[in-house]
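Listed here are the chains, written in short residue letters.
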Amino acid sequence: MIQKNIRDIRSRIGNSAVRVGRDPSEVTLIAVSKTFDSNVIKQVLTYDQFDFGESYVQELIKKRQDPGLERVKWHFIGPLQRNKVKYLIDFISVIHSVENLKVCEEIEKRASRIGRLIEVLVEINTTGEHQKHGIRPLEAGAFFREAGIFDHVLLRGLMTMAPFADNPEIARPSFRMLAGLRRDLLDQGVPEIQVQHLSMGMSNDFEVAVEEGATMVRIGSSLFGERPAR
Ligand SMILES: *Cc1c(COP(=O)(O)O)cnc(C)c1O
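A brief structural summary. Since the model is a prediction, treat every value here as computed from it, not as a measurement. Along each chain, residue indices are assigned from 1 in the same order as the chain's sequence is written. pLDDT decides what is reported in this predicted model: residues at 70 or higher carry local features, side-chain atom pairs at 80 or more are listed and counted, and totals for whole chains, interfaces and linings draw on all residues regardless. Only hydrogens and water are removed before side-chain values are computed, so all heavy atoms of the structure are retained for them.

What is meant by a nonpolar core is a set of buried Ala, Val, Leu, Ile, Met, Phe, Trp, Tyr and Cys residues, joined one to another through side-chain atoms within 4.5 Å. Summary of the burial criterion: residues with accessible area below 20% of their type's maximum are buried, those above 50% are exposed, and those between are partly exposed, where the area comes from a 1.4 Å probe applied to protein chains only. In this structure, Phe52, Trp74, Ile92, Ile107, Leu158 and Val217 are the most contacted members of the largest nonpolar core, which totals 64 residues. Once residues within four sequence positions are removed from consideration, leucine 158 is found in contact with Leu121, Val122, Ile124, Phe144, Leu178, Leu181, Arg182, Leu185, His197, Leu198 and Ser199. Membership of the second largest hydrophobic core comes to 5 residues, among which are Ile30, Val94, Leu121 and Met216. Between two residues, a contact is recorded if the distance between any of their heavy atoms is within 4.5 Å.

Here we take up the side chain of arginine 218. Looking at where arginine 218 falls in the secondary structure, it is placed in strand E8 (residues 216-219). Positive charges come from Lys and Arg alone, negative charges from Asp and Glu alone, with His and the N- and C-terminal ends not counted. Within this document, salt bridges are pairs made up of a side-chain nitrogen of Lys or Arg and a carboxyl oxygen of Asp or Glu, the two lying within 4 Å of each other. Notably, arginine 218 is buried but unbridged: the nearest opposite-charge side chain belongs to glutamate 123, and the N-O separation is 6.9 Å. A polar side-chain atom of arginine 218 sits 2.9 Å from a polar atom in the side chain of serine 199. Excluding residues that lie within four positions of it along the chain, arginine 218 makes contacts with Ile30, Val32, Ile77, His96, Met159, Thr160, Met161, Ser199, Met200, Gly201, Met202 and Ser203. Only DSSP runs of H or I reaching four residues or more are called helices, and only runs of E reaching two or more are called strands; each is numbered from the N terminus. Identification of polar contacts relies on pairs of N or O atoms within 3.5 Å, with a donor-acceptor requirement for protein atoms, meaning one able to donate a hydrogen and the other able to accept it, and with residues adjacent in sequence counted only if both atoms are side-chain atoms.

Bringing the environment of leucine 185 into the picture now. Mapped onto the secondary structure, leucine 185 falls in helix H7 (residues 172-187). Residue classification places leucine 185 among the buried residues on the basis of a relative accessible area of 0%. Expressed as a C-alpha distance, the spacing of leucine 185 and alanine 140, which sit 45 residues apart in the sequence, is 7.8 Å. Sequence-distant contacts of leucine 185, defined by excluding residues within four places in its chain, comprise Ala140, Gly141, Phe144, Leu158, Val190 and Val195.

Turning our eyes to something else, we now look at helix H1 (residues 2-19). Given 3.6 residues to a turn, an α-helix orients residues that are three or four positions apart in the same direction. Here, expected helix span is obtained from the residue count minus one, scaled by 1.5 Å. The end-to-end C-alpha distance of H1, which contains 18 residues, comes to 25 Å, matching closely the 26 Å that a straight helix rising 1.5 Å per residue would cover. For H1, every residue scored as buried is listed here: Ile2, Asn5, Ile6, Ile9, Ile13, Gly14, Ser16 and Ala17. Each buried residue of H1 sits inside an arc of 165° when the element is viewed along its axis, so together they form one side. Exposed side of H1, more than 90 degrees from the buried face: Lys4, Arg7, Val18 and Arg19 are the residues found there. Looking at the packing, one finds that the buried side of H1 touches strand E1 (28-32), helix H2 (38-45), helix H8 (206-211), E8 and helix H9 (221-224). To be clear, the arc concerns the directions from the helix axis to the C-beta atoms.

This brings us to the pattern of salt bridges. If you walk through the whole model with that rule in mind, you get 16 salt bridges. Between glutamate 211 and arginine 172 there is a salt bridge; the shortest N-O distance is 2.8 Å. Placement of glutamate 211 in helix H8 and of arginine 172 in helix H7 is noted, with a sequence separation of 39 residues between them. On the basis of relative accessibility, which here comes to 22%, the residue glutamate 211 falls in the partly exposed class. Each member of the salt-bridge network shares a partner with another, and the members are Arg19, Glu169, Arg172, Arg176, Glu211 and Glu212.

A word on the side chain of serine 174. When you line up the elements, serine 174 lands in helix H7. You can call serine 174 buried: its relative accessible area is 4%. Reaching out from serine 174, the side chain makes a polar contact with the side chain of threonine 126 at a distance of 3.0 Å. Residue contacts for serine 174: discarding those within four places in its chain leaves Thr126, Thr127, Thr160, Ala162 and Pro163.

That is the geometry; function is a separate question.
Here is the structure:
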């Protein structure tokens with residue numbers, strides 16, 4: 001089942017990329033394994049899927065110690081409080097959900113102590129919904145200038161969550177806005193490497209996201225099946 005899902009998702013990513021003249025290898029699939037146990041992750045690893053995303057700090061720090069998961073490249077995609085940074089700092093590869101400078105400062109402080117470099121994406125609220133996380137698009141320029149000074153926080157792009165809907169077209173304006181913001185930031189002089197990635201698209205809408213320029217798609221339920229209620 002999972003093998004079929006992963007093949008299917010890869011081919012849909014590839015087809016979406018090709019449809020808009022993109023190279024499918026520009027898009028990284030991040031398997032969102034929250035609520036699924038380590039045995040399932042191990043199974044997915046056998047299909048050469050190494051990027052996994054988790055949203056809850058406690059769950060992640062437990063899983064990452066499980067034998068057999070040493071080769072996983074962990075992405076943190078959930079809301080991150082400053083006081084939780086210390087639990088992730090010695091192994092996390094990419095944090096997709098940074099939305100305040102205090103968290104950047106904390107990552108910098110702790111990463112510099114142990115000589116690690118952490119890739120960070122800045123979460124943007126592209127829907128204007130108040131309950132959504134992320135900074136406002138208009139504030140992104142200032143954020144990049146201020147967070148761009150750190151040596152161990154490597155700014156690498158933008159992340160967003162589109163409105164949840166059955167029709168994936170509902171998500172397109174959010175994705176388009178994120179891609180547009182990336183261009184604005186480049187125009188404002190933000191170095192290209194700092195806005196290299198667009199992390200956008202989930203099970204329901206990843207094909208639209210790839211069409212709009214996603215370089216990372218975060219896919220859970222289409223790969224693993226329905227999540228049990230937490
Ligand atoms: C859970 C989650 C996903 C995956 O959602 P699916 O709809 O199951 O693919 C992606 N991104 C974030 C931030 C999530 O919390």
